[in-house]
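Topology and contacts: notes
Listed below, chain by chain, are the residues.
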Amino acid sequence: MIYRTLGRTGISVSAIALGCEGFMHKTKAEIKADFDYAIAKGINFIDIYSPNPDLRRNIGAALAGYRDRFIIQGHLCTVWEDGQYLRTRDIAKIMPAFETQLAELATDYLDIGMIHYVDSEEDFHKVFDTEIIDIACRLKAEGRIRHIGMSSHNPVIARKAVETGLVDVLLFSINPAYDLQPADVSIYDMFEDATYAESRHNIDPEREALYEICESKGIGIDVMKVYGGGDLLSSTNSPFGKAMTPCQAIEYALTRPAVAAVMLGCKDTGEIAEALHWCEATACERDYTEILSGLDRFSWQGHCMYCGHCAPCSARIDIAAVNKFYNLTVAQGEIPETVREHYKALPHHASECIACGACEKRCPFGVEIINGMKLASMRFGY
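So, here is what we can say about the structure in this document.

Definitions and cut-offs
- The residue count restarts for each chain, going from 1 along the sequence in the order it is written.
- Under the rules for a predicted model, residues below a pLDDT of 70 receive no local features and side-chain atom pairs below 80 are neither given nor counted, while totals for whole chains, interfaces and linings still include all residues.
- Computation of side-chain values covers all heavy atoms of the structure but excludes hydrogens and water.
- Buried residues are those whose accessible area, probed at 1.4 Å on protein chains only, stays under 20% of the maximum for their type, while exposed residues exceed 50% and partly exposed ones sit between those limits.
- By definition, any uninterrupted DSSP run of H or I lasting at least four residues is a helix, any uninterrupted run of E lasting at least two residues is a strand, and each is numbered from the N terminus.
- The pairing criterion for strands is at least two bridges between them, as found by DSSP.
- Crossover handedness is defined here as right-handed if the route from the first strand over the helix to the second strand goes clockwise, with the strands pointing away from the viewer.
- In these notes, a set of buried Ala, Val, Leu, Ile, Met, Phe, Trp, Tyr and Cys residues joined through side-chain atoms within 4.5 Å is what counts as a nonpolar core.
- Two residues qualify as a contact provided that any one of their heavy atoms is within 4.5 Å of a heavy atom in the partner residue.
- What makes a salt bridge here is a side-chain nitrogen of Lys or Arg within 4 Å of a carboxyl oxygen of Asp or Glu, nothing more.
- Put simply, two rings from Phe, Tyr or Trp (the six-membered ring, in Trp's case) pair if the centres are within 6.5 Å, and we call them stacked under 30 degrees between planes, edge-to-face over 60, tilted for the rest.
- A ring has a charge above it when a Lys NZ or an Arg CZ is no more than 6 Å from the ring centre and no more than 35 degrees off the ring normal.

Bringing the pairing of strand β4 (residues 45-48) into the picture now. As a general feature of sheets, a regular strand has side chains that alternate between the two faces. Residues Phe45 and Asp47 line one face of β4 and the alternating positions Ile46 and Ile48 line the opposite face, and both faces are buried. Taken together, the 2 bridges between strand β3 (residues 16-19) and β4 define a ladder with parallel strand orientation. Of the residues in β4, the one forming a bridge with Leu18 is Ile46. Where β4 and strand β5 (residues 71-76) come together, 4 bridges link them in parallel fashion. Note on β5: the bridge partner recorded for Ile46 is Ile72. The parallel pair β4 and β5, bridged by helix α2 (residues 53-62), forms a crossover whose chirality is right-handed.

And the structure:
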């Protein structure tokens, strides 16, 4: 297993993590078998948004004996009423639902208390201008949640939450199809044919800015919708007309700034094993650029995707890292101290570029790397 640090929380999480969708409608024994397999393979992180009591009790039982080694990301503002899940902003329901969640999971705390599903400006104010955020902060102060998170599909709203300084972790939907779309496209329309009728060029600026700001502020991102509900794994359903492999889709998400882990709704141990293959996959198996290159209506031309095709550099510069750190300074309009220190720690810097051009010949997206190294050298001073 490959472990990564979840932003400023300092928590070490498995890059391959579990969403709870795959465990719906399974028996206690089936869930136990799936968890035994996942834990044996090194998975230590799960997101549980569903308030389904049977599901949560079965997961709690499966984690018996492992709680101190497992990171649970549970959700605030979800309730179970009339046999179904509901999102709520009713203050009177939030604490009773939280207490029920802890009891069903057989734990006395959540590692991450995720404020559930905030996608609109109106809903943002319902959470951050009311007692809801006070409840989350109080639970954190009491140690009943260790870190505050928020789930969202909207980059503008997610950024507003990050800028409050109260959110430590963001659960966000990331894949190359979603990244093309502007913030005003609803998550429900993300794979409608009409949504992809227009040509799109590069990652939407609001989305890219969100990832870069999270990186600079130490906000850890864990990712949902990595496969786009499975559509990206189908050449028929994918807007790109080509099927990604699970390994390629996972690699795309994990190479975005600030991303620590992907939450996968695997339905059985076979799908878990398929996702885990990313940990030992070759560079060729992880390479997603073949899917994103040469498309008629969608292009990432001239945009660094941090894919690493530029390597090896003749001067041994980590070009993708330099580009990432430089882009962070552009997004912030300054050089954040953490970014300055990360850049300083690189064994080789942009000023060492000898302008041989070998990297540019290898870049599948036509990035002007030599000029990028000049800009980074000027920005950082070396």
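Take the nonpolar core next. Counting 115 residues, the largest nonpolar core has Phe35, Ile221, Phe240, Ile250 and Trp300 as the members making the most contacts within it. A per-element tally of this core places helix α13 (residues 319-332) first, with 7 residues. Once you skip the residues sitting within four places of it in the chain, Ile250 turns out to touch Ile16, Val226, Tyr227, Val262, Leu264, Ala275 and Trp278. Formed by 14 residues, the second largest nonpolar core is a distinct cluster that contains Leu6, Met114, Leu171 and Ala261.

A few words on the pairing of β3. Residues of β3 alternate between two faces, with Ile16 and Leu18 on one and Ala17 and Gly19 on the opposite face, all of them buried. One ladder, built from 3 bridges, connects β3 with strand β13 (residues 259-264); its direction is parallel. By the bridge assignment, Ala17 is partnered in β13 with Met263.

Turning our attention to the pattern of salt bridges. Applying the stated rule across the entire model yields 17 salt bridges. For the salt bridge of Glu142 with Arg138, the shortest nitrogen-to-oxygen distance reads 3.9 Å. Take Arg138: its relative accessible area is 36%, and that puts it in the partly exposed class. One salt-bridge network, held together by shared partners, links Asp54, Arg56, Arg57 and Glu104.

Moving on, we get to the packing of aromatic side chains. Tallied over the entire structure, the rule returns 9 aromatic pairs. Considering the side-chain rings of Phe240 and Phe298, the 5.8 Å spacing of their centres and the 85° angle between planes classify their relative orientation as edge-to-face. Taken together, the residues span a long stretch of sequence, with Phe240 in the loop between β12 (220-224) and α9 (246-254) and Phe298 in strand β14 (residues 298-299) at a distance of 58 residues. Members of the aromatic cluster, each reached through a chain of ring pairs, are Phe23, Phe35 and Phe70. When the ring centre of Tyr117 is taken as origin, the NZ or CZ atom of Arg87, which lies over that ring, is 4.5 Å away.

Function cannot be inferred from these measures alone, as they are strictly geometric.
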